[in-house]
Every structure is written in C-alpha cells, then in structure tokens.
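Coordinates in review
So the chains spell out like this:
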Amino acid sequence: MRASKKNRAHSTKRKKYIQQHSASGLTPYDIHVSGAEGLYKESDISRIINEYIARAINHPRGKPDTIAITLEKLRRKPLTISSLPVKTINSRSRVTAERFVQKILVSAGISEHAIEKAFSIMQSPQTLRGAALVTKVSGSRIDPDKQRGVRVSRLGITEKAAGILSRNLAGQKINITTVKEAIILASKVASSQHIMAELCISDDPDYTTGYVSSRKYGYVRIPHIKRKRSKKGGRVFFVRENTDVEELIEFLETSSVIIIKIADCSGVVPLHEILDSNNK
Ligand code: PML
C-alpha cells in the first residue's frame, strides 16, 4: 500500500508530469504519507487491505489524496531468514541518541563521513519514499533515483514467527505494528551481504524512536533520535564500496524473503553491552 497527497507547492510541475506519464500512480511531486508491505495467504487478503486503508486514512502525516494497493502472486518460494535480535539503548535526549548511533555505526565499520551523509539525507525537506544507499567509507550516494530511493518489498513473517515476535515484544511493552514491521524490514535488509548497517528515523511526526541495525549488533532501538512533530526522517543503507547496485536493488525490491525464526528480544541495554554483543 502506498498513500500520498499532492504537493501544492509543485502543482504545475505535477500536472505536467501526469500529462507526460500517467494519470494514476505517484509522481515525484507527491508527498509520501504512508506505505506498508507484506506476504499473506489468500484468505487474509481482504482483512489486510482493510487494515492498510484504515492506516493510510488515519496517518499522522495527513490525509492522503491517493491510496494505491497492489497485489501480486508469488511465483517462487520465499527465502527464509531469522529476525535480528532486538535491544533498546537508553538514550534520553537527541544528543545522546546521535552519539550512540555514531558509536554503533563506527563500530560496524561505517566512516564518520558516511554517517554525516546519512544524517544530511534525513534532514532534507523532501522525504524519500524508499531508502538511500550510501557507501560505507566514501559516503557516496549510489541509488540511481535520488527522489525515490530504493523500496524494500516482498517481505513477510510466518504466522507462527509473528506470534513469537509479538509475545517477545509484549514482554518489553513494544508490541506495536510500527516496531514489528520495522524489525521485519531491517531483518531482510541485514540478510544482504552487500549491506553493513541501516539507520532509520521514522518520518512519522509522533514517533521519535529510530534504530540502527546490522548483522553485527542486531536491531538496536534508539529513543529520542528526533524532535517530536518533525516530519523529517528516512532510511539509509550503508553498503560495501564495491556493491553491485543492480544486484542489490533486485534483491531488496523483488526477492521474496520471509522470517521463520525469531531471535532474542532484550530490554534496555547499555552501549558497552551492545558493542560487546557482536552477533556475527
Ligand atoms: C517507520 O516509521 O517505519 C520506522 C519505524 C522505526 C521503529 C523503531 C522502533 O521503535 O523499533
């Protein structure tokens, strides 16, 4: 599901784009409101569509003008993976949150320059619909469509694994859709050998917890990573310098991946324990 609204500041450019391309679908001049993905059994489809529509209509980023829903039959069996272990760091302000992000990413092999680049992408007023790909040392942005980024698609979780994940998250009082979907996405992303780490800051103005994820340290939730009411945010995937971009985009956008096994979900963990954990 993709929900968007017209960007009134670009209405002339938007009209021109629609004339030249198509009347439906998203133009680069629309504002992203919300999106959701999943792999589901046929019998669950109508329930899920209703849930997605309710979510799009009630999103804190505003009322959408367009909600696009696409259904696709899977042609191949999905690749099966385990979820990343989940922990929360005890950041109490934006300053400590950014410092923790910096420390974890540097320990995961990301250069300070690449981290600065990631923060500057997320500060941009134009929220990306997808993720930016940034090389881990030189900090170059290498995804081809800078307005769109790369969309992680075709990802899901089995019913059994979803039940275990929900129970584990409930134990930490964080059993909400936002967290579950972020863990599923981060686990697919981390399963690519091209990607060293991910930084995510929600673009939801009411949601101020982000995360840093990697195979090395797992999914680390970072409270207070942004100011309340800010609509800025996004995702950056830090990739190896010699990444085959086409191959990576093909994996992220079109290979189906499903979580069948759930890793530990700890509560609040101090930075030194996270850095000592090294799951690799
Ligand atoms: C999003 O809005 O999709 C990002 C969600 C980040 C969730 C972080 C967490 O609380 O674990």
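**Quick look at the site of the ligand**
Around the ligand, the neighbouring residues are T178, V179, A182, C200, S202, Y207, T209, G210, Y211, Y219, R221 and R235. A distance of 2.6 Å separates an oxygen atom of the ligand from a polar side-chain atom of Y219. The contact in question runs from an oxygen atom of the ligand to an N or O atom on the side chain of R221, over 2.8 Å. In isolation the ligand exposes 340 Å². Once the protein is present, 88% of that is buried. Among the secondary structure elements, those contributing two or more residues to the shell around the ligand are α6 (177-190), β9 (210-214) and β10 (218-222). In the shell around the ligand, the residues fall into 6 nonpolar, 4 polar and 2 charged.

**Some points on the packing of aromatic side chains**
One pass over the full model with this rule turns up 2 aromatic pairs. Positioned over the ring face of F251 is K188, at 5.2 Å from the centre of the ring.

**Considerations on the environment of V152**
Counting through the fold element by element, V152 comes out in the loop between β6 (131-135) and β7 (155-157). Separated by 100 residues in the primary sequence, V152 and L252 place their C-alpha atoms 5.0 Å from one another. Apart from the residues lying within four places of it in its own chain, the contact partners of V152 are E37, L185, K188, V189, F237 and L252.

**Regarding unusual backbone geometry**
Residues other than glycine seldom take positive phi values, yet R154 does so here, at roughly 55°. Secondary-structure assignment places R154 in the loop between β6 and β7. At K173, a residue that is not glycine, the phi angle is positive and equals roughly 60°. Position of K173 relative to the elements: it lies in the loop between α5 (159-171) and α6.

**Describing the environment of D143**
Its place among the elements puts D143 in the loop between β6 and β7. The contact partners of D143, leaving out residues within four places of it in the chain, are A131, A132, L133, G149 and V150. Polar contacts involving the side chain of D143 include one to the main-chain amide nitrogen of L133, which spans 3.0 Å.

**Some thoughts on the packing of helix α3 (residues 94-107) against helix α4 (residues 112-123)**
Two numbers describe how α3 lies on α4: the axes approach to 10 Å, and their chain directions differ by 135°. Put simply, α3 runs oblique to α4. As for how α3 packs across α4, the hand of that crossing is right-handed. Along its contact with α3, which presents E98, V101, Q102, L105 and V106, the element α4 presents E112, I115 and F119. Of the residues assigned to the contact of α3 with α4, the class counts are 5 nonpolar, 1 polar and 2 charged.

**Quick notes on the packing of α5 against α6**
Taken N-terminus to C-terminus, the directions of α5 and α6 make an angle of 125°; their axes are 11 Å apart at the nearest point. One way to sum up the angle between α5 and α6 is to call them oblique. Like other packed secondary-structure pairs, α5 and α6 cross with a definite hand, here right-handed. Judged by residue contacts, L165, S166 and L169 of α5 engage V179, K180 and I183 from α6. Here the contact of α5 with α6 is composed, by residue class, of 4 nonpolar, 1 polar and 1 charged.

Parameters and conventions
Residues numbered from 1 in each chain as written. Predicted model: local features only at pLDDT ≥ 70, side-chain atom pairs only at ≥ 80, totals over all residues. Heavy atoms only, no water. Near = heavy atom within 4 Å. Polar contact = N/O pair within 3.5 Å; in protein donor to acceptor, adjacent residues only side chain to side chain. Areas by Shrake-Rupley, 256 points an atom, 1.4 Å probe, with all protein chains shown as cover. Helix = DSSP H or I, 4+ residues; strand = E, 2+ residues; numbered from the N terminus. Nonpolar A, V, L, I, M, F, W, Y, C, P; charged D, E, K, R; others polar. Phe/Tyr/Trp six-rings, centres within 6.5 Å; stacked < 30°, edge-to-face > 60°. Lys NZ or Arg CZ within 6 Å of the ring centre and 35° of its normal. Contact = heavy atoms within 4.5 Å. Axes fitted to C-alpha atoms, helices over the stretch in contact; angles between N-to-C directions. Parallel < 35°, antiparallel > 145°, perpendicular 65-115°, else oblique. Left-handed = near helix turned anticlockwise from the far one by under 90°.

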